[in-house]
Amino acid sequence: LFRSKPSKEKMGVIQDVLGDEQRFKALQKLQADRDALILKHIHFVFHPTKDTCPSNPVCVDTKIEHLISSRFIRSCDRYQKNTDPNVDRINLVILGKDGLARELANEIRALCTNDDKFVIDGKMYELSLRPIEG
């Protein structure tokens, strides 16, 4: 789990500093567990991730990840309500210069119905084209 472990001298200094702390004293008979907790905390301090966070699953990173994913799902749900559930949407960005992007977009549109829908293998798709000249 840990790539580098503090030397015995450094662990001794850490234990001396924590010597009067109540939680440290409470784990006196469980020295191996106490040392494992100290090493886990040291690892988190130098390599903080949501996986090594002592507060996981209420770690801020985990909460933010959950919040973002729930907002993404809600925005997708909102989008799905405004469209036909039997039609998948394809967003296509075309990058070109000298009018080629617009020309290709027009050629693709000519293959679609008037409402930018087309059928492939019996499945209906709605196409959203965005030509960019650059």
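Residues numbered from 1 in each chain as written. Predicted model: local features only at pLDDT ≥ 70, side-chain atom pairs only at ≥ 80, totals over all residues. Heavy atoms only, no water.

What follows covers the pattern of salt bridges. As enumerated under the stated definition, the model contains 2 salt bridges in all. When the shortest N-O distance is used, the salt bridge between Glu126 and Arg89 registers 3.6 Å. Pair noted here: Glu126 is in strand E3 (residues 123–133) and Arg89 is in strand E1 (residues 88–96), with a separation of 37 residues, a long-range link. (Salt bridge = Lys/Arg side-chain N within 4 Å of Asp/Glu carboxyl O. Helix = DSSP H or I, 4+ residues; strand = E, 2+ residues; numbered from the N terminus.)

This part takes up helix H3 (residues 31–46). With 16 residues, H3 should cover 22 Å at 1.5 Å per step; its first-to-last C-alpha distance of 23 Å lies within 8% of that length. Turning to H3, its buried residues are Arg34, Asp35, Ile38, Leu39 and His43. (Expected span 1.5 Å × (residues − 1). Buried < 20%, exposed > 50% of the residue type's maximum accessible area, 1.4 Å probe, protein only.)

Before going further, it helps to examine the confidence of the model for the protein chain. Across the protein chain, pLDDT averages 76, with 83% of residues at or above 70. Mean pLDDT per element in the protein chain: helix H4 (residues 60–81) is the minimum at 60, and helix H5 (residues 100–110) is the maximum at 87. Considering only residues more than four positions removed or in separate chains, one finds that residues 73–80, a stretch of pLDDT under 50, has 1 contact. (pLDDT = per-residue confidence, 0-100. Contact = heavy atoms within 4.5 Å.)

All right, on to the packing of helix H1 (residues 8–18) against H3 then. Remark: H1 packs on H3, axes separated minimally by 12 Å, with the N-to-C direction vectors making an angle of 100°. Taken together, H1 and H3 sit at an angle that is classed as roughly perpendicular. Every residue of H3 that contacts H1 at Met11, Ile14, Gln15 and Leu18 is listed here: Gln31, Asp35, Ile38, Leu39 and Ile42. Residues belonging to the contact of H1 with H3 are distributed by class as follows: 6 nonpolar, 2 polar and 1 charged. (Axes fitted to C-alpha atoms, helices over the stretch in contact; angles between N-to-C directions. Parallel < 35°, antiparallel > 145°, perpendicular 65-115°, else oblique. Nonpolar A, V, L, I, M, F, W, Y, C, P; charged D, E, K, R; others polar.)

Our focus in this paragraph is the nonpolar core. Ranked by size, the top nonpolar core spans 7 residues in total: Ile94, Ala101, Ala105, Cys112, Phe118, Leu127 and Leu129. Those elements that place two or more of their residues in this core are H5 and E3. Leaving out residues up to four positions away in the same chain, Ile94 has contacts with Ala101, Leu104, Ala105, Ile108, Leu129, Arg130, Pro131 and Ile132. (Core = buried A, V, L, I, M, F, W, Y, C linked by side-chain atoms within 4.5 Å.)

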